[in-house]
Structure formats: C-alpha cells, structure tokens
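Each chain, letter by letter, is given below.
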Amino acid sequence: MQMLPQPFDDDMKAELETLRQSVHRLATDAQRPAPFRQMALVAQADRILQRLVSWLLDDEQTQVMAAHPCQTFFLHAAAFLCDIGLMDGSGASADSSIARRSHDWIQGNWQALGIKDARRAGIMALICLQMQDASDLDPAPVGSVPTHYAGTLINTKLIAAAIQLSRALELKSPATFLAIVAHLRGNPNGSSANWMDAFDVDGVGPHPYLSATIRVKISCRDPELHRALKHHERAVQEQLNDINQRTRPRFLFADLIYEIEPAGYQPVDLKYTVDTSAALHLFMGNRLYSDKRVFLRELIQNAVDACSMRKLADKAYVPVISIAFNDDISRITVRDNGIGMDRQWLEKYFLSIGISFYQSDEVKTVNEDPRIDIGFISQFGIGFLSSFLVAEKIVIKTRKGASPGLLITITSLKDYFDVRPLGDDAHAGTEVTLHLKPSRFNYSRRMEFVGYLKTNIRFLQIPVRLTDERGHTTIIGNEPISYAAVQNADSDFVAPVTFDDAEGFIYLGAKVNDSRIFALETATGGVSVFQDGIFVTQDDLLLPEGARQHVVGRINLKGRDKCELSMDRNRIFWTGERKKLIRQQIRLALVDIANRLMKALDTQGASVNTRNSFINQLAIFFDFSEVDDVVYDGLCQSLRKVVDKRFRDFVRIHFPHARSVGRIPEADGYNEQWQQRILASFASTH
C-alpha cells in the first residue's frame, strides 16, 4: 500500500509545525494533570498516523484522502488535537466526554494553538467531536460547522473514524488507557501509572491468518487488568462495527482480536462464539432457500449489479451476461463484463457475510451524474452462499479495471480459498463456474434450470445469453412486461397500472364465438410481482376479491417504488400505505378494462341479457366498501348504477332504523362523497 501523500502548501506545512509545537508544549507542561502528561501527544499522533498510512486505511480510503491536500492536512491536524480535551484535568474517563472537551478547547483556543482561521478550527473541532459514538452525538454544533474548505468537501466522518480507530489501538494513549482502567472492578489498589506498567503492547497489525481481522499482541502481568483488557477488546469491536456502519468508505477490517500472553496467572476467557460452518449451512439450508435453483437467480443478480456499477463509470459501456452449460451439465458458468473485483473488494465485501457493496453508501458516491438512475438488486450479501446448495467446487475468475486478475478456487466452506494470479490477458469482469454435485438425472437438469430462468428473469433489462449443453443459444430476459394479445384486440383487454417509477399491467380475457364476446375467461394467479425484472412472488390480495377469478397482473417494482424483500427474496414486506396505494392503482386500471369491455359489447350490438350479465359480473370487481370517489367517477354509467344499487341494498338491510335526516350515525366509515350522497338520500326518505 502506498503512503498517504502530503501535497501541503507552505502555509499548511507551517501551520502543522506550529500546531505540533503547541501541543508538545502543552503535553509536557508540569502544571498539567497527570493523565495528560502520561504520553507525549505528538509522539502519539505520529504513531496514529503511521498506523493509518501503513495498513489501517485501505486503497479506497487512501484515494478519498488523497483527492485534495486539505483532506490529509485535516487528518494530521486532528491527530494532534484528538486528546487535547484532557487538559482541563477533570479526570474524564468517557471517550465521548474527551471528544466534547477537545471540540470546545479548539473552538476557544484556536488562535493560541496557531490555527490559521476560525473555519479551519471549526472543521478540526468537528472531527474531534465526531470521534465519539454516533448515537451520543449532539447534532446541534455539527450542523452549524461548514465542512467545505478550499472548494472541496472534507470527509470529516472518515477522518474522525480513522483517528478514532487508530487511537483505540494505541492502548497506552491517555484516552484509551482511561477507557481500559474504567473496566477494572471496584476500586483496585494502585495508581494508573502502576496499572500501565502491568502490561506491554508487543504488536498491532493485520492478523497473519484471519482475513479482515486486526490482531493486538499484549503481555500482561495482572489477572484483573487481563479482564479489563478483554472488556476493552469487546468495546473496541463494537466501536469498529459502529464505524463500519456510519463511515464511507468502510474499513477493510471487520474483526478484532487481543492475543494476551499471561505472566504469573491463569486467565479464564469465556464468551459465546459463532460456529461459522454451522452458520453458513443455516444460511444455505431449506429454511432460507426452499428451491435449490435459487443460486441461478443470485448469480444473475450479482452480475447485473456488477454491470450497473461499471455503467456508472463508463457511459458507453454495453453490459454482457451469459450462462453456459458444459456437455454433460456438470458445470455451469456465469460470466459478466461488469466492474469485477480486486483483492480488497474480496476481503471487504465478498468475504463479509451480510455486507453487500451495492447497498453501501460507497455506491452513491460513485454516481456523479444525477441523470443516471441505477438500482442495485443485492441487499444482504449472502446470496452467493446459495451456490453451495448444488456445487462441490466453485471457481471464480475476476478482474477489476487495471488491477491484477484473480483465480479463486473454493472447495470447502471450512477451508481457505486457493487464490492465484490470472494472466495479463484476462478480461474485466467476473466468471463463476460451479462444479455441480453428482446427479443421476442430468437430462432433467436442463429443463429445471432453463425453466427456472425463463420464469424468474424474463423481464430483466439486461438480456442473458444462455448456451445449452448442445451449443444452442437462447436469449432470456429483456421482454416487455406488458401482456401480448393472446387472441385478438376484441377479446384481450390490457390496462397499465400507473406508478412513479415502476411499471405494471393487468389482463382480462373474454371468450368469443363468431366474433362476439359471450363470457369472461377464467384466470388465476393474482399479480406476479417482480423487482428490477426478477420474479419475487405472486400476490392475489393485490386484486379486489371479485376480480381474482378473471384478472391477472404483472408489476415490476423499480426505483422509488421498490420494496423491502425477505432475505430469500421470495416475499415483499409491504407497508400498509404502500399496499393500499398499489391496490388503488390496480382498481383504476380495472376501471379502464371494464369500461372498454362494455364499449366493445355496445360496438358488437350485444343483447340486453348479455349486456346485463356482463354488467353484474364486472360490478363485482368494485366492492362498494373499497370504491373511492376517483374510481366511482371513472366507471361508466351502467356499472356505476349497479355499484349504487348494491350499496343501497346494504344500507337498507344493515341500518333499518335510521331516523336522522341527512346522516346515518351507524354508517360511519363510508365517507366518500358518492356514499354520503346515497346515505343522505336514504335517510331523508325513512
């Protein structure tokens, strides 16, 4: 990893040097309280920065920090100032209290510290304040501080998180040590200095065997301090979790381990652990994925998101996704020419179960063109695990941009990946080959897989090229979601369902004899719901009850109309208002279909009996308890009369003793104007 550049101008260099000298003078002042003098803060700042630039900041974060000299300048300045709040000698032990005091000290003494202007001081103070937990952060002073300087937006949250994490690993820094001794039970004997002498830090850095893990090696000579260090380990782990939730780009590291070597005592370290293999099997088991073919959908979703991501950076890019079976269908290969992965992406996202890059805020910072509306499908970061439902080995070839390509072989959930470099001629994108578990029925595998794909991705906007075991190619996806006419325009009635971003249609078929409509077709299945062109579920409750025997629909949720999905993506978590809105839009589409069907009957000169029969059938679609004024006013006159009559009959049966004029008290809830008009008319005649 490259060191952070320091392209400071002369003023910045001079200001940092002045700041360094001021902090050193304050830290070595004999009049200052002991906790403040326990370590020279300048030396602490140097170690914090060295740790950041040598391994703690990854490539993404380094690129953000190096984008403008001001970013690196404020990183250095805040590293010097982060613990200056200890100067008041009040003995604060809470990190958030130190952060608040550092903020206030900088705001009140910035000129004495040698800071050039109040705007710079405000940003430095804000960074120190943001080093406390987000849940405790009072937004009032933050909102009043500008975060733009010299024409650039300063990523204060990333700077604060980086210093906060690096300082937490500096176990003998004043603030961190105060946090450690706060975990000591009761009031143990001995001064803080004695406790500090009871342990040594032998090394801090990436764990040599566990990916995405920080290792802190400690030698300890006291069992009580050992317990305090283990409690601090838990606190820093929670801090790391919180930082990765609120900071973008997130850190490469997700776990932390204190390896403590005891001297003169026998430690007892007990806590709950997670059996990773058991957890993976739980994710992959039938309780989550009831259909083993779901791996196809998950791999396609990953490919679509990779292509969408690349599209953000290259407006002329044309996405390509393909699936190929080998000759005996023992292998399936899914290829895309999308963004690809490098080693850091693998470690930050691919290996982190439950973390999806495409749902992170990093993605939002990439799309700088507001005209491009890209919706990403991946949500939970566990979909790839479904491949192990059917595969005994998985081989991945991937390359991101100009980064070296990687060849990754996964043979077991319990074993390390085999990772090797790809040749320089490797194409950008990702290729995943699944070596399937043996099956006696290879002939049926093709029907299973192809049928599943045609059902689940037929409306995907990116066409998927499928090459079967015989070398024949089929294009799946890119179909319009509208219903094609099954017979002819006189008997197939299709109406759009109107949304802000999504699209949908409903369909009603009629039986024809000698070009004359004589009955409605029977249809079941309700509304098929897709999200981003991929099938989710069927829901007949979106249709009015009276229409469920004759009407079917399709809805493709996109953009602002997308909904939260279950982890297996087979269910939608509707909010009450969301489902109510969709049902209303479907009713309006039914109004369109019903009116056009009645017009078709009039055009063909249907008999009175045939016409009345259709009127009564169609009116069942519009239950008077669910018809609002917009739907009512849209209905043709003949259908409106039937809805009126059914509501009048209902009122006559259920409210026979109405005595008030203009209102029936027992009928509260029927508040539409058309309902109130009938209620008033009914009450005035009884």
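Described below are features of the structure shown in this document. Residue positions are given per chain, counting from 1 as you read along its sequence in written order. In view of the model being predicted, local features appear only for residues whose pLDDT reaches at least 70, and side-chain atom pairs are presented and counted only at 80 or more, with totals across whole chains, interfaces and linings using the full set of residues. Side-chain measures were taken over the full set of non-hydrogen atoms in the model, leaving aside hydrogen atoms and water.

Observations concerning the side chain of N556
Within the secondary structure layout, N556 lies in strand β19 (residues 551-557). Summary of the burial criterion: residues with accessible area below 20% of their type's maximum are buried, those above 50% are exposed, and those between are partly exposed, where the area comes from a 1.4 Å probe applied to protein chains only. The exposure class assigned to N556 is buried, which follows from its relative accessible area of 2%. Within the structure, N556 has its side chain in polar contact with the backbone nitrogen of D532 (distance 3.2 Å). Throughout, a contact is declared for two residues whenever any of their heavy atoms are within 4.5 Å. Residue contacts for N556: discarding those within four places in its chain leaves I481, A502, E503, F530, Q531, D532 and G533. Numbering of helices and strands starts at the N terminus; helices are DSSP runs of H or I of at least 4 residues and strands are runs of E of at least 2. A 3.5 Å cut-off defines polar contacts: any pair of N or O atoms within that distance qualifies, except that in protein one atom must be a possible hydrogen donor and the other a possible acceptor, and neighbouring residues in sequence count only when both atoms are side-chain atoms.

Examining the sheet that holds strand β3 (residues 199-206)
Between any two strands, pairing holds if DSSP finds at least two bridges. In space, the 3 strands of this open sheet follow the order β3-β4-β5, with mixed pairing throughout. Sheet topology places β3 and β5 (255-262) at the edges, where each strand pairs with a single neighbour. In this sheet, adjacent strand axes meet at a mean angle of 15° when their direction is disregarded. Both β3 and strand β4 (residues 213-220) contribute to a ladder of 7 bridges, which runs antiparallel. The partner of G205 across the bridge, within β4, is R215. The strands touched by helix α12 (residues 223-246) within the sheet are β3, β4 and β5, with β5 carrying the most contacts at an inclination of about 170°. To obtain an axis, a line is fitted to C-alpha atoms, over the contacting stretch when the element is a helix, and the angle between two such axes runs from 0 to 180 degrees between their N-to-C directions.

What to know about the pairing of β5
A regular strand places its side chains on the two faces of the sheet in alternate fashion. Here β4 runs beside β5; their pairing, made up of 8 bridges, is parallel. When the sheet's bridge partners are listed, V216 is paired in β5 with Y258. If the strands point away from the viewer and the path from the first strand over the helix to the second runs clockwise, then the crossover is right-handed. What joins β4 to β5 is α12, and the crossover it makes is right-handed.

A look at the nonpolar core
Put simply, a nonpolar core is a bunch of buried Ala, Val, Leu, Ile, Met, Phe, Trp, Tyr and Cys residues held in one set by side-chain atoms that sit within 4.5 Å of each other. In this structure, L56, F74, L81, I115, I163, L225 and F251 are the most contacted members of the largest nonpolar core, which totals 76 residues. Here this core gets 9 residues from one element, more than from any other, and that element is helix α5 (residues 69-81). Sequence-distant contacts of F251, that is, excluding residues within four places in its chain, are made with L56, L57, D58, Q61, L158, A161, A162, L165, I243, N244 and K348. Of all hydrophobic cores here, the second largest spans 57 residues; its members include L565, A619, F624 and F650.

Some remarks on the packing of aromatic side chains
For any pair of aromatic rings, geometry is given as the distance between the ring centres together with the angle between the planes. Side-chain rings of Phe, Tyr and Trp (the six-membered ring for Trp) are treated as a pair once their centres are within 6.5 Å; stacked means planes under 30 degrees apart, edge-to-face means over 60, and tilted covers the remaining angles. All told, the structure shown has 16 aromatic pairs when counted by the stated rule. Arranged with centres 4.6 Å apart and planes meeting at 5°, the rings of Y632 and W674 form a pair that is stacked. Taken together, the residues span a long stretch of sequence, with Y632 in helix α20 (residues 629-634) and W674 in helix α22 (residues 673-684) at a distance of 42 residues. Across the pair, exposure class does not vary: Y632 and W674 are buried alike. These aromatic residues form a ring-pair network of at least three members: F624, Y632, F647, F650, Y670 and W674.

A look at the pairing of strand β13 (residues 473-476)
Pairing geometry for strand β12 (residues 464-467) and β13, over 4 bridges, is antiparallel. Among the inter-strand pairings, R465 is bridged to a residue of β13, identified as I475. If you look at the hairpin formed by β12 and β13, you'll find 5 residues sitting between the two strands, and G471 has a positive phi there, around 90°.

Quick look at the packing of α5 against helix α7 (residues 118-129)
One way to put it is that α5 packs onto α7 with a least axis distance of 9 Å and a crossing angle of 65°. In this structure, α5 crosses over α7, and the sense of that crossing is right-handed. Residues F73, F74, A77, A78 and L81 of α5 form the contact with α7, whose own contacting residues are R120, I123, M124, I127 and C128. For this classification, Asp, Glu, Lys and Arg are treated as charged, while Ala, Val, Leu, Ile, Met, Phe, Trp, Tyr, Cys and Pro are nonpolar and the rest, including Gly, are polar. In terms of residue class, the contact of α5 with α7 is made up of 9 nonpolar, no polar and 1 charged. Crossings are assigned a handedness: left-handed for a near helix turned anticlockwise from the far helix by less than a right angle, right-handed for a clockwise turn.

Quick word on the sheet that holds strand β9 (residues 406-410)
With mixed pairing, 8 strands are arranged side by side in an open sheet as β10-β9-β8-β11-β7-β6-β12-β13. Bordering the open sheet on either side are β10 (418-421) and β13, each of which pairs with just one other strand. Here the strands of the sheet are splayed against their neighbours by 15° on average, with no regard to which way each runs. Of the pairings in the sheet, the one linking strand β7 (residues 331-336) to strand β11 (residues 429-436) comprises 6 bridges and is antiparallel in character. In the sheet register, V334 faces β11, and the bridge partner there is V432. Along the sheet, helix α14 (residues 294-313) makes contact with β6 (321-325), β7, β11 and β12, crossing β7 at roughly 20°.

Examining the pattern of salt bridges
Throughout this description, the term salt bridge denotes a Lys or Arg side-chain nitrogen within 4 Å of a carboxyl oxygen of Asp or Glu. Throughout the structure, instances matching the rule amount to 33 salt bridges. In this structure, the salt-bridge partner of D83 is R167, at a minimum N-O distance of 2.4 Å. Remark: R167 occurs in helix α9 (residues 156-168) and D83 occurs in the loop between α5 and α6 (95-113); sequence separation between them is 84 residues. Comparing D83 with R167 shows no difference in burial state: the two are buried. Here R470 and E469 are joined by a salt bridge, their closest N and O atoms 3.3 Å apart. The exposed category is assigned to R470, whose relative accessible area is 51%. Among the ionic contacts, a cluster of salt bridges with common partners joins R446, D468, E469 and R470.

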